[in-house]
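# Chains, contacts and geometry: an overview
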Amino acid sequence: MENTKLSTYGIIFAIIGIVLFSAKAVLVKLAYNFNISSEHLLLFRMLFSLPFYIIIAIFNTSSRSDHIKPNAYLWVVFFGFIGYYLASYYDFLGLQYIKAGLERIILFMYPTLVIIISKVFFKDKITKQQVLAILLTYVGVLITFWGELQLDAPDLILGVFLIFLSALTYAIYLVGSGWLIPKFGVITFTSYAMIASSLCVLIQYLIFDRGDLLNYPLELYLICIAMAIFSTIIPSYLVSAAIARLGASNFSIIASLGPFSTIILAYFFLGENMSVIQIIGAVIVIFGIYIVAQKK
């Protein structure tokens with residue numbers, strides 16, 4: 001009964017976290033109305049998040065820290081670097097060469113990569129329910145974005161490779177999260193990983209940019225603060241809590257809900273169109289997630 005209760009909370013945390021992360025796309029589109037670069041937008045998102053993560057890390061004293069080996073902290077920094085910095089950076093670079101539809105199709109290979117990596121490194125069992133759920137959710141993603149597929153880009157191979165690297169690095173982060181969260185606890189691991197990621201973004205700005213950050217209108221800063229709180233801080237802890245309860249493999253399947261929640265949020269808040277095909281794709285993905293929920 002206790003495991004069932006934990007799994008139920010895990011599914012709830014996963015869905016809420018994914019929806020909140022998806023809201024970032026809506027806030028990004030609103031922010032672009034103020035002619036801000038992608039690099040500055042990412043920097044503001046992480047800078048406004050960083051003080052909260054530091055405060056939470058300081059006040060979250062855990063008795064587990066006495067039993068954690070020093071190299072475990074290096075692993076947290078590594079996974080924070082690849083999961084919330086490198087994966088996003090590869091995705092950003094890849095989108096310069098291919099369209100968003102193809103990017104979504106390639107990026108959502110990561111549930112399959114999570115299961116393969118978990119099998120190879122941690123000998124996790126691959127269940128029939130997981131395989132069926134992955135197939136269903138991926139079919140749903142294909143149906144939804146197939147109409148946006150364009151294969152005539154001049155640097156198609158480079159773009160595909162970069163997006164695949166984004167999917168791979170995010171998959172590695174999810175598997176690493178599933179390994180480290182039991183050692184550190186949800187709050188400590190998330191705080192440390194996000195601090196590492198934020199510092200990577202700041203270092204990139206100091207080395208390659210150093211552009212003026214103070215000449216944007218107040219509305220933009222308010223959007224970035226909302227993005228930091230509701231689409232970064234809160235969902236990052238919810239996602240870690242979900243991984244702790246469900247495991248990386250099952251969470252990654254549920255995370256396939258991400259692109260569809262973005263479509264729905266854009267429909268309500270930005271007035272964008274939502275087609276019948278997209279609704280069908282979403283229903284298929286939800287059915288795949290239902291299989292995982294039934295398994296748990």
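For the structure given in this document, a descriptive report is provided here. Owing to the predicted nature of the structure, the values given are computational and were not obtained by experimental measurement.

## Quick word on the overall build of the chain
From N to C terminus, the chain includes twelve helices and zero strands. The order of helices and strands in the chain, counted from the N terminus, is α-α-α-α-α-α-α-α-α-α-α-α. Its C-alpha atoms give the chain a radius of gyration of 19 Å, near enough to 19 Å, the size a compact globule of 296 residues would have. Counted over contacts in the chain with a minimum sequence separation of 6, partners at least 24 positions apart contribute 89%. Of the roughly 14,900 Å² of accessible surface on the chain, a fraction of 69% belongs to carbon and sulfur atoms. Charged side chains in the chain number 17 positive and 13 negative. The centres of these two groups are separated by 17 Å.

## A few points about the pattern of salt bridges
Across all of its chains, the model carries two salt bridges by this definition. Ionic pairing is found between E103 and R104, a salt bridge with its closest N-O pair at 2.8 Å. E103 sits in the buried class, given a relative accessible area of 3%.

## Considerations on the nonpolar core
Counting 84 residues, the largest nonpolar core has F44, Y110, Y173, L174, F189, F251 and I254 as the members making the most contacts within it. The biggest single contributor to this core is helix 9 (residues 218-246), with twelve residues.

## Section: the packing of helix 6 (residues 128-145) against helix 11 (residues 258-269)
For the pair helix 6 and helix 11, interaxial distance at closest approach is 10 Å and the crossing angle is 40°. Here helix 6 is positioned oblique relative to helix 11, judged by the angle of their axes. Taken together, the residues of helix 11 that come into contact with helix 6 (itself represented by G140, V141, T144 and F145) are P259, F260 and I263. In the contact of helix 6 with helix 11, the residues fall into five nonpolar, two polar and no charged.

## Digging into the side chain of T127
Topologically, T127 is positioned in the loop between helix 5 (110-122) and helix 6. In this structure T127 comes out as buried when scored by relative accessible area, which is 16%. Looking at T127, its side chain comes within polar contact range of the main-chain nitrogen of Q130, at 3.1 Å.

What counts, and where the lines are drawn
Residues numbered from 1 in each chain as written. Predicted model: local features only at pLDDT ≥ 70, side-chain atom pairs only at ≥ 80, totals over all residues. Heavy atoms only, no water. Helix = DSSP H or I, 4+ residues; strand = E, 2+ residues; numbered from the N terminus. Rg over C-alpha atoms; globule rule 2.2 N^0.38 Å. Contact = heavy atoms within 4.5 Å. Areas by Shrake-Rupley, 256 points an atom, 1.4 Å probe, with all protein chains shown as cover. Lys, Arg positive; Asp, Glu negative; His and termini not counted. Charge placed at Lys NZ, Arg CZ, Asp CG, Glu CD. Salt bridge = Lys/Arg side-chain N within 4 Å of Asp/Glu carboxyl O. Buried < 20%, exposed > 50% of the residue type's maximum accessible area, 1.4 Å probe, protein only. Core = buried A, V, L, I, M, F, W, Y, C linked by side-chain atoms within 4.5 Å. Axes fitted to C-alpha atoms, helices over the stretch in contact; angles between N-to-C directions. Parallel < 35°, antiparallel > 145°, perpendicular 65-115°, else oblique. Nonpolar A, V, L, I, M, F, W, Y, C, P; charged D, E, K, R; others polar. Polar contact = N/O pair within 3.5 Å; in protein donor to acceptor, adjacent residues only side chain to side chain.

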